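Coordinates in review
One-letter residues, chain by chain:
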Amino acid sequence: LVRALPASMRPHRGARHRRVAGLDLYLVMLALQLAQRVYQVPDKPKATLALMLVLAAIHFGRATRILDVKALRFLRKQKLLRKYMFPSQLHSVCFNPSGVFKGQWGRALAAPLFHVDEWHLFYVLSSLFYKGYALERQLGADSFLRMTGRLLVLTTMVHLVLAWLLSVSR
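On a predicted model such as this, the values are computed, not experimentally measured, just so you know. (Residues numbered from 1 in each chain as written. Predicted model: local features only at pLDDT ≥ 70, side-chain atom pairs only at ≥ 80, totals over all residues. Heavy atoms only, no water.)

Below, the discussion takes up the overall build of the protein. Helix and strand counts for the protein stand at nine helices and two strands. The helix and strand sequence of the protein, counted from the amino end, reads β-β-α-α-α-α-α-α-α-α-α. Within the span of the protein, comprising 170 residues, buried residues form 27% of the whole. In the protein, once contacts between residues fewer than 6 apart in sequence are set aside, the share between residues at least 24 apart is 60%. (Helix = DSSP H or I, 4+ residues; strand = E, 2+ residues; numbered from the N terminus. Buried < 20%, exposed > 50% of the residue type's maximum accessible area, 1.4 Å probe, protein only. Contact = heavy atoms within 4.5 Å.)

We now examine the packing of aromatic side chains. As enumerated under the stated definition, the model contains three aromatic pairs in all. Measuring from ring centre to ring centre gives 5.9 Å for Tyr 26 and Trp 119, while their planes differ by 25 degrees; the resulting arrangement is stacked. Here Tyr 26 is found in helix H1 (residues 25-40), whereas its partner Trp 119 is found in helix H8 (residues 118-139), with 93 residues between them in sequence. Residue Trp 119 is classed as partly exposed on the basis of its relative accessible area, which comes to 24%. Centre to centre, the rings of Phe 129 and Tyr 130 are 5.3 Å apart; their planes meet at 70 degrees, and the pair counts as edge-to-face. Through a chain of ring-to-ring contacts, the aromatic side chains of Phe 129, Tyr 130 and Tyr 133 assemble into a single cluster. (Phe/Tyr/Trp six-rings, centres within 6.5 Å; stacked < 30°, edge-to-face > 60°.)

Before going further, it helps to spend a moment on H1. Over its 16 residues, H1 extends 23 Å from the first C-alpha to the last, a length consistent with the 22 Å expected when each residue adds 1.5 Å. Turning to H1, its buried residues number three or more, namely Leu 27, Leu 30, Leu 34 and Val 38. Looking straight down H1, one finds that the buried residues subtend no more than 85 degrees of arc, so they occupy a single side. Among the exposed residues of H1, those pointing more than 90 degrees away from its buried face are Leu 32 and Tyr 39. (Expected span 1.5 Å × (residues − 1). Arc of directions from axis to C-beta.)

Counted according to the given criterion, the structure contains one salt bridge. Taking the shortest distance from any N to any O, the salt bridge between Arg 137 and Asp 43 comes out at 3.8 Å. Taken together, the residues span a long stretch of sequence, with Arg 137 in helix H8 and Asp 43 in the loop between H1 and helix H2 (46-59) at a distance of 94 residues. Note on Arg 137: relative accessible area 56%, which makes it exposed. (Salt bridge = Lys/Arg side-chain N within 4 Å of Asp/Glu carboxyl O.)

Relative to the assigned elements, Val 41 resides in the loop between H1 and H2. Residue class for Val 41 comes out buried when judged on its relative accessible area of 3%. Sequence separation between Val 41 and Tyr 133 is 92 residues; the distance between their C-alpha atoms is 9.2 Å. Among residues more than four places away in sequence, those in contact with Val 41 are Phe 129 and Tyr 133.

Shown next, in the form of structure tokens:
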């Protein structure tokens, strides 16, 4: 797809985006700075760090090793959930309102947990750390996790309603 674009529209891969053996060195440097910041925080936000670990584990395909509990093994055996929680291809879990309207509800639940690439994951994790740290200190770990879950469901529902309104207005 990128090669089909004219040269002027292709992403620029300058000195800032040098890759060595498949690694983006700038991204590695940013990830190390985030890890250093987490290390420097005196009172570690446990719920925020656990959520960050889950998101990173899902992205790198290690969720089955890190989260190997009975409930996860049960979910893997279910045909409906296996497709969304352990996808073979990313496009099978992308948020697609027309797919959700056709009964693929797993897309709506799984989409916030998956990220397109490492840059997207880093942006989400760094934002989650700074905002989650402040909110978890104010609300407490349990309230923070409940609020995060509710907001994920609420924003998904808002996206679905907006998509439905756009499809009806045609």
